[in-house]
Amino acid sequence: MSLSITGVGMTSQRARDRLVNILRENNIKNEAVLSAVASVPRHLFVDEALASRAYENISLPIGHGQTISQPYMVARMTEVLLEGENVKRVLEVGTGSGYQTAILSKLVFSVFSVERIKPLLENARDKFRQLKLNNILTRYSDGGWGWPEKALYDAIIVTAAPETLPTSLLEQLVDGGKLIIPIGKKGEQELFLFQRLGDKFHKKVLEKVSFVPLLKGRTE
Ligand code: SAH
């Protein structure tokens, strides 16, 4: 059985609108981001058994020891990414469920997304097809190196935390481009924003966060 795209009851449009209100209360202000959250059916990106909890502001397990990010965190990172500059090409490291990818696809021209766990990526690709999100290109690989063949990017968003900054990602940014990335060991991570200014990078700490670790290599 597959779940309906629009949803009913706990997965209905009303549930998505309630989530939007929670995000507003948590200081998410970008209206385009809020309408993307109102339109993307998050219940499709979690296991059917968890669908009724899909519109709570929480992260949920998606198998393989990974989680779908908390809606607040998805909205916050997307809001920061869209600020100021005209953002057209975005690289996401860590496709996971594909929910963040789907939100981005509604807001920018093209999304490139890299995932190291094959079944997660295959599952996410199915959802993109089902939802007719045609501006997403995915790759099965270790995204710690970025996706150099498709660079440069206006923004890069990393949804798993390395202990130190992977500098190859910085090289894949256009001038003025942004990298949004959680860095640090479990229990002591912070979300960073790096912005490229010529050969220099401006660094800003945004907030304390909790992400799964960025791992090396691929798994079948
Ligand atoms: N944005 C996703 C977050 C999933 S959790 C969502 O909301 O569903 C982070 C994801 O990053 C996991 O799927 C994990 O497998 C992936 N990941 C971890 N290290 C990676 C790496 N080096 N390259 C690509 N993906 C990686």
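Keep in mind that this is a model prediction, so the values were computed, not measured.

Novice: Describe the pattern of salt bridges, listing the residues and the values that go with them.
Specialist: Note on pairing: side chains with opposite charge can pair once their charged atoms come close. Tallied over the entire structure, the rule returns 7 salt bridges. Ionic pairing is found between K118 and E220, a salt bridge with its closest N-O pair at 3.6 Å. Here K118, found in helix α5 (residues 118-130), pairs with E220, found in the segment after β9 (200-209); they are 102 residues apart in sequence, far enough to count as distant. Between D126 and R129 there is a salt bridge, with the nearest N and O atoms lying 2.8 Å from each other. With D126 and R129 both in helix α5 and 3 residues apart, this pair spans about one turn of that helix. Take D126: its relative accessible area is 39%, and that puts it in the partly exposed class. Residue R129 is classed as exposed on the basis of its relative accessible area of 59%.

Novice: I'd like to hear about the packing of aromatic side chains, residue by residue, with values.
Specialist: Summed over all chains, the structure comprises 4 aromatic pairs. Geometrically, the ring pair formed by F192 and F194 is stacked, given 5.9 Å between the ring centres and 20 degrees between the ring planes. Judged by its relative accessible area of 10%, F192 is buried. Here the aromatic residues F112, W147 and Y153 are joined through ring pairs into a cluster of three or more. The ring of Y99 carries the charged tip of R42 above its face, separated from the ring centre by 5.6 Å.

Novice: Describe unusual backbone geometry, listing the residues and the values that go with them.
Specialist: A cis amide bond, omega 10 degrees, links A151 with the succeeding residue L152. Tracing the sequence through the fold places L152 in the loop between β5 (136-140) and β6 (153-158). At H64, a residue that is not glycine, the phi angle is positive and equals roughly 60 degrees. In this structure, H64 sits in the loop between β1 (60-63) and β2 (66-68). Judged by relative accessible area, H64 falls into the partly exposed class, the value being 48%. One non-glycine residue, K132, lies in the positive phi region at around 55 degrees. Position of K132 among the secondary structure elements: in the loop between α5 and β5.

Novice: Please provide a residue-by-residue account of the site of the ligand, values included.
Specialist: In the region of the ligand, 25 residues are neighbours, and S97, E115, D142, G143 and L215 sit closest. The contact in question runs from a nitrogen atom of the ligand to an N or O atom on the backbone of G143, over 2.7 Å. When the ligand is considered free in solution it has 580 Å² of accessible area, and contact with the protein chains removes 99% of it. Elements represented by at least two residues in the shell around the ligand include exactly β2 and β4 (110-115). For the shell around the ligand, the element with the highest residue contribution is β2, accounting for 3 residues. Among the residues making up the shell around the ligand, the classes are represented as 9 nonpolar, 12 polar and 4 charged.

Novice: Can you break down the nonpolar core residue by residue, with the values?
Specialist: L23, F45, L81, V90 and Y99 are the most contacted members of the largest nonpolar core, which has 51 residues in total. With 8 residues, helix α3 (residues 71-82) is the single largest residue contributor to this core. In this structure L23 touches I28, L34, V37, N57, P71, Y72 and A75, once residues within four positions along its chain are discounted. Core analysis: the second largest hydrophobic core is formed by 16 residues, F112, L169, I181 and I183 among them.

Novice: Explain the sheet that holds strand β3 (residues 89-93) residue by residue, including any values.
Specialist: Strand order in the open sheet made by the 7 strands is β5-β4-β3-β6-β7-β8-β9, with mixed pairing throughout. Because the sheet does not close on itself, it has two edges, and the strands there are β5 and β9. Direction aside, the axes of adjacent strands within the sheet are offset by 15 degrees on average. Strand direction decides the pairing type here: β6 and strand β7 (residues 173-183), joined by 4 bridges, are parallel. Its bridge partner being in β7, Y153 is matched across the sheet by L173. Its contacts with the sheet place α3 against β3, β6, β7, β8 (189-197) and β9, and it is angled at close to 160 degrees to β9.

Analysis parameters
Residues numbered from 1 in each chain as written. Predicted model: local features only at pLDDT ≥ 70, side-chain atom pairs only at ≥ 80, totals over all residues. Heavy atoms only, no water. Salt bridge = Lys/Arg side-chain N within 4 Å of Asp/Glu carboxyl O. Helix = DSSP H or I, 4+ residues; strand = E, 2+ residues; numbered from the N terminus. Buried < 20%, exposed > 50% of the residue type's maximum accessible area, 1.4 Å probe, protein only. Phe/Tyr/Trp six-rings, centres within 6.5 Å; stacked < 30°, edge-to-face > 60°. Lys NZ or Arg CZ within 6 Å of the ring centre and 35° of its normal. Near = heavy atom within 4 Å. Polar contact = N/O pair within 3.5 Å; in protein donor to acceptor, adjacent residues only side chain to side chain. Areas by Shrake-Rupley, 256 points an atom, 1.4 Å probe, with all protein chains shown as cover. Nonpolar A, V, L, I, M, F, W, Y, C, P; charged D, E, K, R; others polar. Core = buried A, V, L, I, M, F, W, Y, C linked by side-chain atoms within 4.5 Å. Contact = heavy atoms within 4.5 Å. Pairing = 2+ DSSP bridges. Axes fitted to C-alpha atoms, helices over the stretch in contact; angles between N-to-C directions.

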